[in-house]
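Tertiary structure, described
Below are the chains, spelled out letter by letter.
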Amino acid sequence: MTRVWKWNRPVTVREVLEDLQQERSIAYTTVMTVLDNLHQKGWVRREAEGRAYRYEAVSTRAAYSAALMNDAWSQSDNPAAALVAFFGMMSEEQRRALRDAVHIVQGPEEDPEQGADGGETRVTPDAADEKRVEKPDEKPVEASGEKQGEKPGENPDSSPGGTGR
């Protein structure tokens, strides 16, 4: 499946064989049998092209991974504890990806995060795929909470000239 997902297009047994042979010795009939088994299990669909078939993934690798996670989670006798343990195993980067995914699924209208001023806060990707936080009445600020133009660590509200909010 990795090879079929990698190309993201219909592939022939010969194409998969040639790719695999760059790493190890493998027979045409082995690749053909594996792709036929994947077809019979519903993982790939195939379309005849001359005397051969072209195989295409039925779902994405991401959808497959999601189904595996959902299946494992649904089999737990304590789903909340399973999630806590799973989140505890995640790296900071994975936790950020999870937060971003939750924002995408829920959308800001359904579950707005409240900023310090009680206003709605949204996380949106910009062109450089960096996360920015936008508040409706302000310019975008970095996700760290610092306003653009401020030096890191500077808090204008705690400075002598600040408002002291």
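First, a word on scope: everything that follows refers to the structure included in this document. (Residues numbered from 1 in each chain as written. Predicted model: local features only at pLDDT ≥ 70, side-chain atom pairs only at ≥ 80, totals over all residues. Heavy atoms only, no water.)

**Description of the overall build of the protein chain**
Across its full length, the protein chain carries six helices and seven strands. Scanning the protein chain from its N terminus toward the C terminus, one meets helices and strands in the order α-β-α-α-β-β-α-α-α-β-β-β-β. Counting every position in the protein chain, which comprises 165 residues, the buried fraction comes to 15%. Summing over all exposed atoms, the protein chain offers an accessible surface of approximately 12,300 Å²; the carbon and sulfur share of this is 52%. (Helix = DSSP H or I, 4+ residues; strand = E, 2+ residues; numbered from the N terminus. Buried < 20%, exposed > 50% of the residue type's maximum accessible area, 1.4 Å probe, protein only. Areas by Shrake-Rupley, 256 points an atom, 1.4 Å probe, with all protein chains shown as cover.)

**Some details on unusual backbone geometry**
Peptide bonds are mostly trans, and most non-glycine residues show a negative phi. Its identity is not glycine, yet N8 carries a phi of approximately 55 degrees, on the positive side. Within the fold, N8 resides in the loop between α1 (2–7) and β1 (11–12). Residue N8 is classed as exposed on the basis of its relative accessible area of 69%.

**Remarks on the sheet that holds β1**
Backbone-to-backbone hydrogen bonds pair the strands of a sheet. The strands run either parallel or antiparallel. Reading across from one edge, β1-β3-β2 is the order of the three strands in this open sheet, with antiparallel pairing throughout. Edge positions in the open sheet fall to β1 and β2 (44–49), since each of these has one partner strand only. (Pairing = 2+ DSSP bridges.)

**Here's the deal with the environment of V13**
With respect to the element layout, V13 can be found in helix α2 (residues 13–20). For V13, a relative accessible area of 5% gives the class buried. Sequence separation of V13 and L35 is 22 residues, and the distance between their C-alpha atoms is 7.5 Å. Excluding anything up to four places from it in sequence, V13 contacts Y28, V31, M32, L35, Y53 and Y55. (Contact = heavy atoms within 4.5 Å.)

**Some words on the packing of α2 against helix α3 (residues 28–40)**
Working note: a packed helix pair is described by the angle between its axes plus the distance between those axes. Viewed as axis vectors pointing N to C, α2 and α3 meet at an angle of 120 degrees, and their least axial separation amounts to 9 Å. Here α2 lies oblique to α3, going by the angle between them. Between α2 and α3 lies a crossing of right-handed hand. Residues V13, R14, V16, L17 and L20 of α2 form the contact with α3, whose own contacting residues are Y28, V31, M32 and L35. Here the contact of α2 with α3 is built from residues that sort into eight nonpolar, no polar and one charged. (Axes fitted to C-alpha atoms, helices over the stretch in contact; angles between N-to-C directions. Parallel < 35°, antiparallel > 145°, perpendicular 65-115°, else oblique. Left-handed = near helix turned anticlockwise from the far one by under 90°. Nonpolar A, V, L, I, M, F, W, Y, C, P; charged D, E, K, R; others polar.)

**What about the pairing of β2?**
Judged from the six bridges that link them, β2 and strand β3 (residues 52–57) form a sheet pairing that is antiparallel. Bridge pairing in β3 links R46 to Y55. Two successive antiparallel strands, β2 and β3, enclose a turn made up of two residues, where G50 displays a positive phi of approximately 70 degrees.

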